[in-house]
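# Residue-level structural notes
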Amino acid sequence: MSALEFENVSFTYPATDTEPHPAPVLEHVSLAVPEGAFALLTGSTGSGKSTLLRLAKPEVAPVGTLVGHVLAFGKDVRTLSPVESAQTVGLVFQSPDSQIVCDTVWHEMAFGLENLGTPVAEMRRRVAETCMFFGMEPWFRQKTASLSGGQRQMLALAATLAMRPRLLLLDEPTSMLDPVAEKDFLAMLFRANRELGVTVVVATHAPEPMRVVATCAFRVEDGHVSELSLEKAVAACAFRPEEVAAKSVPASGKPAAGGLTPALSLRDAWFRYGRDADWVLRGLDLTVPEGQVTAIVGGNGSGKTTLLQLACGSLAPQRGRVSRPHAASQAYLPQSPRAILSAQTVRDELMLWSKGAGYGDAQVTAMMGRLGLSDVAARNPLDLSGGQQQLVAFAKLLLTKPDLLVLDEPTKGLDAAARTKLARLVQELRQEGRSVLLATHDLAFVSAVADSVSLLFDGAVTCTEGPDEFLAGSWLYHV
Amino acid sequence: MLTMRDTHTAFDTCHPAVPAAYFAAAILIAIFAMQPVCVAISLAGALAFSFAARGWRRTLKGLRWQLPMVALVAVANPLFSASGSTLVAQLGPMAIYQESIAYGACAGALLVAVVLWFEDAACVLTQDRLLQLGARALPTVTLVTSMAAQMVPQLLDRAQTVRAATLATTAAAPQGSRDRGVRVADQLMSWSMEDSIERADAMRARGWGATDCRSCYLPDSFRSSDALALAGIVLLAAASALLVSVACSQWRFYPTMPRLVAWWGYVPYMVLALLPTLLDLGQRIRWGRVA
């Protein structure tokens, strides 16, 4: 018997004013995930992976017309009672921030079991066993707000598994995590799959890190789903730095000018968030040459975001000097695009800063065309996929024509196509003579766009090299 | 705020109902006992426990504003109520009486004692322990409080991010602080709303609303020793309250204050006020010896 089976499923979202005759998101989808499998559901963002997963969980299924049958262990999921559904199918979401419900770890672990009315003795046992399995004892009594993103995502997984579902669905569970946290999470997921026998289905646009643990793969494309080998599934989603146009030498005269006045420089910068807090930056020196792309890499919590906020002046160092010749023409892309998106439609969103920055309708239309956002001009930016949200936020910044662009994890949550698009844009900016400072974990992206890489460690820049040189000499980082 | 409790007290090993009852009793008696000896006992107890549980640094930091407050009330009271019989000074038409100053000092000390008791209680009854008390009776309220508690730090964190983001893009930076505030609030609102949709999905995916009767996970259980401790505290508190009320009924500030005498009736209240500190001291000595 299959753990999850789609029998000739088609799904269409309801008609809206902007789309009176919507095309089906999924058409005649048939697939079967055997019991005990670790299945990958790959595809680019917006291909309908999430819709497919959510159809297997009626409580959160999108509104629309569903034709066909979705079966979990041979039973139509729509005939399951809410309690049965919770005990059969678990669902873990993408964002570590928005799927945590309670204030303490123990309460979060118990939340699902409380909802099912599990007797106290049984509940204690399940919470205890799940905690032991995940090695969560040290943080059992901590506040959820004090956990890192990786820990929160692990907690979401544990809290779902505490209900002992036989089938676990995960929607882009690691796209918001850094590489180390991602590995930890996947290791745990793998153990749950092999040791507890939970069938796992992961929807992802970056299957590469899961290749070693997965047993089968499907690809969602244009509303159709096909089974394919793991190698092919991974290859179809891979980001290829070489596809980005080769770095061309910037226009003549620029490098010379760049050598004299950097676009940004920090000299002996010391920073901490409070009088009693530890130093985040300790005597950091950094120079961002004019007209070049400078990348910052470093571990989680190494102070990359702090450094960027110092670079754009939202924080000031306690000691040392920051020289910002482009202070009057800079733009900053925060890690979460939600921090700068607020309008009702994509067009309104892009028009929001038009008065202050002096651009008009025509430029917005051109920008949307350039980034492939014309189709979604009338949609709410927050309804778009994470990758598209990032592109909208990026477009919003580009429209202000900044001389210095500061990007914090610009490729977080992006699929290969969006990363390629973003890499090309950054290249174009560079050719226009603009300077870019970006912090990232994504070395493939760095090798595609950056002129130099600086490694941030212990609050200071440990080394600065060209990307090829950096990768060749690195023990830890690979493309 | 890494761990739930930043200090260990004698109440660690009890069900939260025990410290809740203790502090409720201590605070109630402290509020109504407007008599110099009782105020002194209550202040001494609260201060001692504050030193033991919250540490001398935080306690002294608090005293920096609490002591001037006592002085302020003591000085201010005679200016507003010209009662008493022992004249201390005559400021123009205003007569300052000794009884009036004593009343002010007593009221100020009482205020500080109550504040300290509350701070002590907050230190022992952290939010997670407090929520456990209401979990059975008010499950929804408890859950909502718990949710709100985890979202406040998140919101503050995001406010900082949004502020940084809106300020950092110069060409689009808002003009004036009011515009900036509106924009940050607007941004935070839409972010939180968007999150809430996802959180609601996550809750439903984990069976929220699946049954009418939710069960309730409580990490601490109520044992017979807790019942015993609770009974002991209630008895001691009742005895103290009775004796304190006797002491208060025989005391007056105006027109003249009676002479204070040593009386066995103060002993139960002293025991009550100093009990947690004594237990804490006992533990410290035991650990000191072991180490």
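Residues numbered from 1 in each chain as written. Chains lettered and ligands numbered in written order. Predicted model: local features only at pLDDT ≥ 70, side-chain atom pairs only at ≥ 80, totals over all residues.

A separate point is the overall build of chain B. Secondary structure summary: chain B contains nine helices and two strands in total. Along chain B, from the amino end to the carboxyl end, the secondary structure elements read α-α-α-β-β-α-α-α-α-α-α. When the backbone C-alpha atoms are referred to their principal axes, chain B occupies close to 70 × 60 × 45 Å. Considering only contacts within chain B whose residues lie at least 6 apart along the sequence, 76% involve residues at least 24 apart. (Helix = DSSP H or I, 4+ residues; strand = E, 2+ residues; numbered from the N terminus. Contact = placed C-beta atoms within 7 Å.)

Once that is clear, we can look at the overall build of chain A. Of the regular secondary structure elements, chain A holds 16 helices and 19 strands. In summary, chain A has a C-alpha radius of gyration of 24 Å against a globular reference of 23 Å for 479 residues, a match within 12%. Once the C-alpha set of chain A is aligned to its principal axes, its extents read approximately 70 × 55 × 40 Å. Out of the 479 residues belonging to chain A, those deemed buried represent 51%. Counted over contacts in chain A with a minimum sequence separation of 6, partners at least 24 positions apart contribute 73%. (Rg over C-alpha atoms; globule rule 2.2 N^0.38 Å. Buried ≥ 20, exposed ≤ 12 C-beta atoms within 10 Å, placed from the backbone.)

What follows deals with the sheet that holds strand 10 (residues 224–228) of chain A. Residue and element names in this part refer to chain A. Strands sit in the order 6-7-8-3-9-10 across an open sheet of six strands; the sheet is mixed. Strands with a single pairing partner mark the edges of an open sheet, and in this sheet they are strand 6 (89–92) and strand 10. Across the sheet, the axes of successive neighbouring strands diverge by a mean angle of 20°, strand direction being ignored. Where strand 3 (residues 38–42) lies against strand 9 (residues 216–221), four bridges are found, and the strand directions are parallel. For Thr42, the partnering residue across the bridge sits in strand 9 and is Arg219. (Pairing = 2+ DSSP bridges. Axes fitted to C-alpha atoms, helices over the stretch in contact; angles between N-to-C directions.)

All names here are of chain A. When its domains are assigned, chain A resolves into domain 1 (2–238) and domain 2 (242–473). Its C-alpha centre places domain 1 at a distance of 32 Å from the equivalent point of domain 2. Every contact between the two is made by 13 residues of domain 1 and, on the other side, 13 residues of domain 2. At three residues, the largest contribution of residues to the side of domain 1 that touches domain 2 is made by helix 6 (residues 179–195). Looking at the side of domain 1 that touches domain 2 residue by residue, the class counts come to six nonpolar, six polar and one charged. (Domains from an automatic or database assignment. Nonpolar A, V, L, I, M, F, W, Y, C, P; charged D, E, K, R; others polar.)

Below, the discussion takes up the interface of chain B and chain A. The interface is formed by 46 residues belonging to chain B together with 64 residues belonging to chain A. Listed by contribution, the elements that provide at least two residues to the side of chain B that touches chain A are helix 6 (139–168) and helix 7 (177–205) of chain B. Sorting elements by how many residues they give to the side of chain B that touches chain A places helix 7 of chain B first, with 13 residues. The class makeup of the residues in the side of chain B that touches chain A is 23 nonpolar, 13 polar and ten charged.

Glancing now at the sheet that holds strand 17 (residues 435–439) of chain A. Residue and element names in this part refer to chain A. Read across the sheet, six strands follow the order 15-16-17-13-18-19 without closing on themselves; strand pairing throughout is mixed. Unpaired on one side and paired on the other, strand 15 (330–333) and strand 19 (460–465) mark the two borders of the sheet. On average, adjacent strands in this sheet sit at an angle of 15° to one another, irrespective of strand direction. In the sheet, strand 13 (residues 293–298) pairs with strand 18 (residues 452–457) via five bridges, with the strands oriented parallel. Within the sheet, the bridge partner assigned to Val297 lies in strand 18 and is Leu455. The strands touched by helix 9 (residues 304–311) are strand 13, strand 16 (404–408), strand 17 and strand 18; relative to strand 17, the strand with the most contacts, the crossing angle is about 155°.

Turning to the domain arrangement of chain B, a few remarks are in order. Domain annotation of chain B identifies domain 1 (10–131 + 222–290) and domain 2 (139–205). The C-alpha centroid of domain 2 of chain B is placed 41 Å from the C-alpha centroid of domain 1 of chain B.

This part takes up the nonpolar core. Within the largest apolar cluster, 159 residues are counted, with the highest numbers of intra-cluster contacts made by Ala39, Leu41 and Val406 of chain A. Sort the elements by how many residues they give to this core and helix 5 (residues 149–161) of chain A lands first, with seven residues. Ignoring any residue separated from it by four or fewer positions in sequence, one finds Leu41 of chain A in contact with Lys49, Leu52, Leu53, Val201, Val202, Ala203, Phe218 and Val220 of chain A. Core analysis: the second largest hydrophobic core is formed by 42 residues, Leu43, Val112, Cys123 and Leu125 of chain B among them. (Core = buried A, V, L, I, M, F, W, Y, C linked by C-beta atoms within 7 Å.)

As a further point, take unusual backbone geometry. Here the bond from Tyr254 of chain B into Pro255 of chain B is cis, since omega is -10°, no more than 30 degrees from zero. Position of Pro255 of chain B relative to the elements: it lies in the loop between helix 8 (224–249) and helix 9 (267–290). Here Phe73 of chain A, not a glycine, exhibits a phi torsion of approximately 50°, which is positive.

All names here are of chain A. Over its 17 residues, helix 6 runs 24 Å from end to end, which matches the ideal 24 Å to within 8%, given 1.5 Å per residue. Taken together, the buried positions of helix 6 are occupied by Ala181, Glu182, Phe185, Leu186, Leu189, Ala192 and Asn193. Buried residues of helix 6, seen end-on, are gathered within an arc of 130° and therefore sit on one face of the element. In helix 6, the exposed positions angled more than 90 degrees off the buried face are occupied by Val180, Ala187 and Glu195. Packed against the buried residues of helix 6 are strand 3, helix 5 and strand 8 (199–204). Downstream of helix 6 by a residue or two, Gly197 has a phi angle that is positive, lying close to 70°. (Expected span 1.5 Å × (residues − 1). Arc of directions from axis to C-beta.)

With that settled, consider the packing of helix 6 of chain B against helix 7 of chain B. For any two helices packed against each other, one specifies the inter-axial angle together with the distance between the axes. Residues and elements named next belong to chain B. Taken N-terminus to C-terminus, the directions of helix 6 and helix 7 make an angle of 125°; their axes are 10 Å apart at the nearest point. As far as their axial angle goes, helix 7 and helix 6 are oblique. The handedness of the crossing between helix 6 and helix 7 is right-handed. In contact with Leu155, Arg158, Ala159, Val162, Arg163 and Thr166 of helix 6, helix 7 contributes Arg180, Arg183, Val184, Gln187, Leu188, Trp191 and Ser192. (Parallel < 35°, antiparallel > 145°, perpendicular 65-115°, else oblique. Left-handed = near helix turned anticlockwise from the far one by under 90°.)

A word on the confidence of the model for chain A. In this model, chain A carries a mean pLDDT of 90, and residues with pLDDT of at least 70 account for 97%. Considering only residues more than four positions removed or in separate chains, one finds that residues 251–258 of chain A, a stretch of pLDDT under 50, has ten contacts. (pLDDT = per-residue confidence, 0-100.)

So, about the packing of helix 13 (residues 386–398) of chain A against helix 14 (residues 416–431) of chain A. Residue and element names in this part refer to chain A. It is at 10 Å that the axes of helix 13 and helix 14 come closest, and there the two elements cross at 15°. Between helix 13 and helix 14, the interaxial angle falls into the category roughly parallel. As helix 13 runs across helix 14, the sense of the crossing is left-handed. Contacts between helix 13 and helix 14 involve Gly387, Gln390, Leu391 and Phe394 from the former and Ala418, Lys421, Leu422 and Leu425 from the latter. Considering only residue class, the contact of helix 13 with helix 14 consists of five nonpolar, two polar and one charged.

Our focus in this paragraph is the pairing of strand 1 (residues 87–91) of chain B. All names here are of chain B. Counting buried residues along strand 1, only zero of its five residues qualify, which leaves the element largely exposed. Pairing analysis gives four bridges linking strand 1 to strand 2 (residues 94–97), with the strands arranged antiparallel. Bridge pairing links Ala89 to Ile96 in strand 2. Between strand 1 and strand 2, which pair antiparallel in sequence order, lie two residues; one of them, Gly92, sits at a positive phi of approximately 60°.

Right, let's get into the environment of Leu125 of chain B. All names here are of chain B. Relative to the assigned elements, Leu125 resides in the loop between helix 4 (98–124) and helix 5 (127–134). Considering only alpha carbons, one finds Leu125 and Asp12, 113 residues apart in sequence, at a separation of 9.7 Å. Setting aside anything within four residues of it in sequence, one finds Leu125 in contact with Pro16, Pro19, Ala20, Phe23 and Leu130.

Each regular strand shows side chains that alternate between the opposite faces of the sheet. Residue and element names in this part refer to chain A. Here strand 9 pairs with strand 10 via five bridges, running antiparallel. Residue pairing across strands places Arg219 opposite Ser226, the latter belonging to strand 10. The turn linking strand 9 back onto strand 10 is made up of two residues, and Asp222 within it adopts a positive phi angle of 50°.

Mapped onto the secondary structure, Ser192 of chain B falls in helix 7. The exposure class of Ser192 of chain B is partly exposed, given the 16 C-beta atoms found within 10 Å.

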